[in-house]
Amino acid sequence: MSQPVLRLENLSRAFGGIQAVDDVSLDLNEGEIVGLIGPNGAGKTTLVNLVTGAHTPDKGKVLFFGQDVTRQKPFQAARRGLCRTFQIVQPFPALTVTDNVAAGAVFGGGMDSMMAARRRARELLSFVGLDHLAEEMASSLTLPNRKRLELAKSLAMNPKVLMLDEVNAGLNAAEIDTALDLIRRISQQGVTILIIEHLMKVVLGVSQRVVVMERGGVIAEGDPQTVVNDERVIEAYLGSK
Ligand code: ATP
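Residues numbered from 1 in each chain as written. Predicted model: local features only at pLDDT ≥ 70, side-chain atom pairs only at ≥ 80, totals over all residues. Heavy atoms only, no water.

Okay, the layout of surface pockets next. A water-sized probe rolled over the atoms picks out the places where empty space is left. In this model, the largest pocket occupies a volume close to 440 Å³. Together, 20 residues line the largest pocket, and Arg 84, Phe 86, Glu 150, Lys 153 and Met 157 are the ones closest to its centre. Listing elements by their share of the lining of the largest pocket, those giving two or more residues are helix H2 (74-80), strand E6 (82-84), helix H3 (97-107) and helix H5 (143-155). Residues that form the lining of the largest pocket fall into these classes: twelve nonpolar, five polar and three charged. (1 Å grid on protein atoms, 1.4 Å probe; cavity = no way out; pocket = protein on both sides within 12 Å on 5 of 7 lines; lining within 4 Å. Points joined across faces, edges and corners; volume = space filled by probe spheres on them. Helix = DSSP H or I, 4+ residues; strand = E, 2+ residues; numbered from the N terminus. Nonpolar A, V, L, I, M, F, W, Y, C, P; charged D, E, K, R; others polar.)

Right, here's the structure in full:
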């Protein structure tokens, strides 16, 4: 098999007495959608923060296309195409929807003119189904639309790997279906995706592989069917699959 797009080797990070991430190793292969799930406090967001340089690991390595990028700064990660969305979406409220996405295109997408960035932004807004709100202020968007905007912003940075941190939280069943469909379409464009969710059922239908974290460590990994029947996973979720 060719080298993984992203390889995490034995990553660990403690905060005071809490071992938030404990010796986690994980490969993402090109074009895969991998689900990362685990109960509250399992260490999922901290793992993303270690990958993007928002936190420094105490131990371990991050390899991106074989290159050691451990301890990079978050802006360097984004420019390399190692992009993430945030659990709490925070668009620039005083900018229009288009300009929020255009800012991403200028910052990480290599666009050198605002006109080109806005053109790219409009394409992406159409892709995520927000073109009709392009000239609205970002502050006026509903939660599902803010999540779509967050996706468009991250796509504007031309991600090679996209880590989606609870993009479905707070959405109803129909909105989740729309969001998952969008994630599949992003994957079809060749983006490797790590979809991080608190709820197992959200990732099962969209992921080729699922990784389960609990108390900082990986407790199961495999295809969705295998993982959902794993005793430790059932126990971690107290039968709430
Ligand atoms: P959730 O689904 O609730 O977002 P999570 O799986 O993403 O949970 P993390 O947010 O990574 O979990 O947290 C893992 C552990 O590390 C928790 O016990 C949390 O309180 C702790 N933690 C995370 N970030 C910090 C920090 N900056 N300072 C201190 N403790 C932290």
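What follows is about the pairing of strand E8 (residues 192-197). Judged by how many residues are buried, E8 sits mostly within the fold: six of six residues are covered. Side chains of E8 alternate between two faces, with Thr 192, Leu 194 and Ile 196 and Ile 193, Ile 195 and Glu 197 buried alike. The pairing of strand E3 (residues 33-37) with E8 spans five bridges and is parallel. Its bridge partner lying in E8, Val 34 is registered against Leu 194. Pairing between strand E7 (residues 161-165) and E8: five bridges, direction parallel. Looking at E8, one finds that Leu 164 is bridged to Ile 195. Of the crossover connections in this fold, the one passing from E7 over helix H6 (residues 173-188) to the parallel E8 is right-handed. (Buried < 20%, exposed > 50% of the residue type's maximum accessible area, 1.4 Å probe, protein only. Pairing = 2+ DSSP bridges. Right-handed = clockwise from strand over helix to strand, strands pointing away.)

Attention shifts here to the sheet that holds E8. Backbone hydrogen bonds hold the strands of a sheet together, and the pairing may be parallel or antiparallel. The strand order across the open sheet built from six strands is E6-E7-E8-E3-E9-E10, with neighbouring strands paired in mixed fashion. Edge strands, defined here as strands with exactly one partner in the open sheet, are E6 and strand E10 (217-222). Taken pair by pair, the neighbouring strands of this sheet meet at an average axis angle of 20°, ignoring direction. With four bridges joining them, E3 and strand E9 (residues 209-214) adopt parallel strand pairing. Each residue of the ladder has a partner; that of Ile 37, found in E9, is Val 212. On the sheet, helix H1 (residues 44-52) packs against E3, E6, E7, E8 and E9 and is oriented at approximately 145° with respect to E6. Along the sheet face, H6 touches E3, E7 and E8 and points at about 155° away from the line of E8. (Axes fitted to C-alpha atoms, helices over the stretch in contact; angles between N-to-C directions. Contact = heavy atoms within 4.5 Å.)

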